[in-house]
Amino acid sequence: LSRLWFRRSQKKKDARTPFPIPTELQYLFLEVTRQCNLRCVYCGSDCSPTWAEKELPTEEWIGVIRQIAEDFDPNKIMVAVTGGEAFVKEGIFDLFTELHRLGFPFGMVTNGTLVTKAMAERLVATGIGRTPPHPTVMTLASAFGPHSSP
């Protein structure tokens, strides 16, 4: 299954432990797919066409973010949508729209090779980059980096 990672802030220290104790959720990384249209040699994701059948559907990812929005303040959590290549995930724009509706600041990691003008316009329409307090940047991870054919 796709991985759900989060990093918590480390503001308090417990007297019994030498390391900070997490106090609030600040960052959430959603690896929504392990599929990718490239096979970059330096990529940290284990991408393969066979992963599609083992992945959470977009509707379940939307359920996950709705639950997180109930448990935490979504305005304080920066969400990074990653993959593989997030643009190959069916329903990815529905996920982006829901992140915006719930108030999460969010961005994504993409290799950029699938982005067309129409896709870029649709991405802007989902609300990416419009939710304060964090400016959102779409990162082109490896558009022209070394890769092998899929």
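Heads up: these notes are all about the structure in this document. None of these values were measured; they are calculated from a predicted model. Throughout, residues of each chain are indexed from 1 in the direction in which the sequence is written. It should be noted that, the model being predicted, local features are given only for residues of pLDDT at least 70 and side-chain atom pairs only at 80 or more, the latter also being counted only at that level, while totals for whole chains, interfaces and linings use all residues. The basis for every side-chain value is the complete set of heavy atoms in the structure, and neither hydrogens nor water enter the calculation.

**Some points on the pattern of salt bridges**
One side-chain nitrogen of Lys or Arg within 4 Å of one carboxyl oxygen of Asp or Glu is enough to make a salt bridge. Under the definition given, this model contains 5 salt bridges. A salt bridge links glutamate 31 to arginine 34; the shortest N-O distance between them is 3.6 Å. Assessed through its relative accessible area of 2%, glutamate 31 is described here as buried. Note on exposure labels: buried denotes an accessible area under 20% of the residue type's maximum, exposed denotes more than 50%, and partly exposed covers the range between, all computed with a 1.4 Å probe on protein chains only. Owing to a relative accessible area of 10%, arginine 34 belongs among the buried residues under this scheme. Within the structure, one salt-bridge network assembled from shared partners comprises Arg66, Glu98 and Arg101.

**Re helix α2 (residues 92-102)**
Per the convention used, a helix needs a DSSP run of H or I reaching at least four residues, while a strand needs a run of E reaching at least two, with both numbered from the N terminus. Within the sequence span of α2, burial applies to Ile92, Phe93, Leu95, Phe96, Glu98, Leu99 and Leu102. Whether two residues are in contact is decided by their heavy atoms, any of which lying within 4.5 Å being enough. Packed against the buried residues of α2 are α1 (58-71), β6 (78-82), β7 (106-110) and α3 (117-125). Among the residues trailing α2, glycine 103 stands out with phi positive, at a value near 95°.

**Quick notes on a negative patch on the surface**
Side chains of Glu59, Glu60, Glu90 and Asp94 sit close together on the surface and give a patch of like negative charge. Position of glutamate 59 among the secondary structure elements: in helix α1. Judged by relative accessible area, glutamate 59 falls into the exposed class, the value being 61%. Patch membership requires over 30% relative accessible area and the absence of a salt bridge. Like charges are linked within 9 Å, and nonpolar side chains (Val, Leu, Ile, Met, Phe, Trp, Tyr) within 5 Å. Under the convention used here, a 1.4 Å probe and the Shrake-Rupley method define accessible areas, while residue burial counts only the protein chains that appear. By the counting scheme adopted, Arg and Lys are positive, Glu and Asp are negative, and His together with the chain ends is not counted. Positions of charges follow a simple convention, taking NZ of Lys, CZ of Arg, CG of Asp or CD of Glu.

**A word on the pairing of β7**
Counting buried residues in β7 gives 4 out of 5 residues, a clear majority hidden from the surface. Following DSSP output, two strands are said to pair if at least two bridges run between them. Pairing of β6 with β7, which is carried by 3 bridges, proceeds in the parallel orientation. Of the residues in β7, the one forming a bridge with valine 79 is phenylalanine 106. You can see the chain leave β6, run along α2 and come back into β7, and the turn it takes is right-handed. With the strands pointing away from the viewer, any crossover whose connection runs clockwise from the first strand over the helix to the second is right-handed.

**What to know about the side chain of lysine 89**
The residue lysine 89 is located in the loop between β6 and α2 in this model. On the basis of relative accessibility, which here comes to 9%, the residue lysine 89 falls in the buried class. With residues near it in sequence (within four places) discarded, lysine 89 still touches Val32, Thr33, Glu55, Leu56, Pro57, Thr58 and Trp61.

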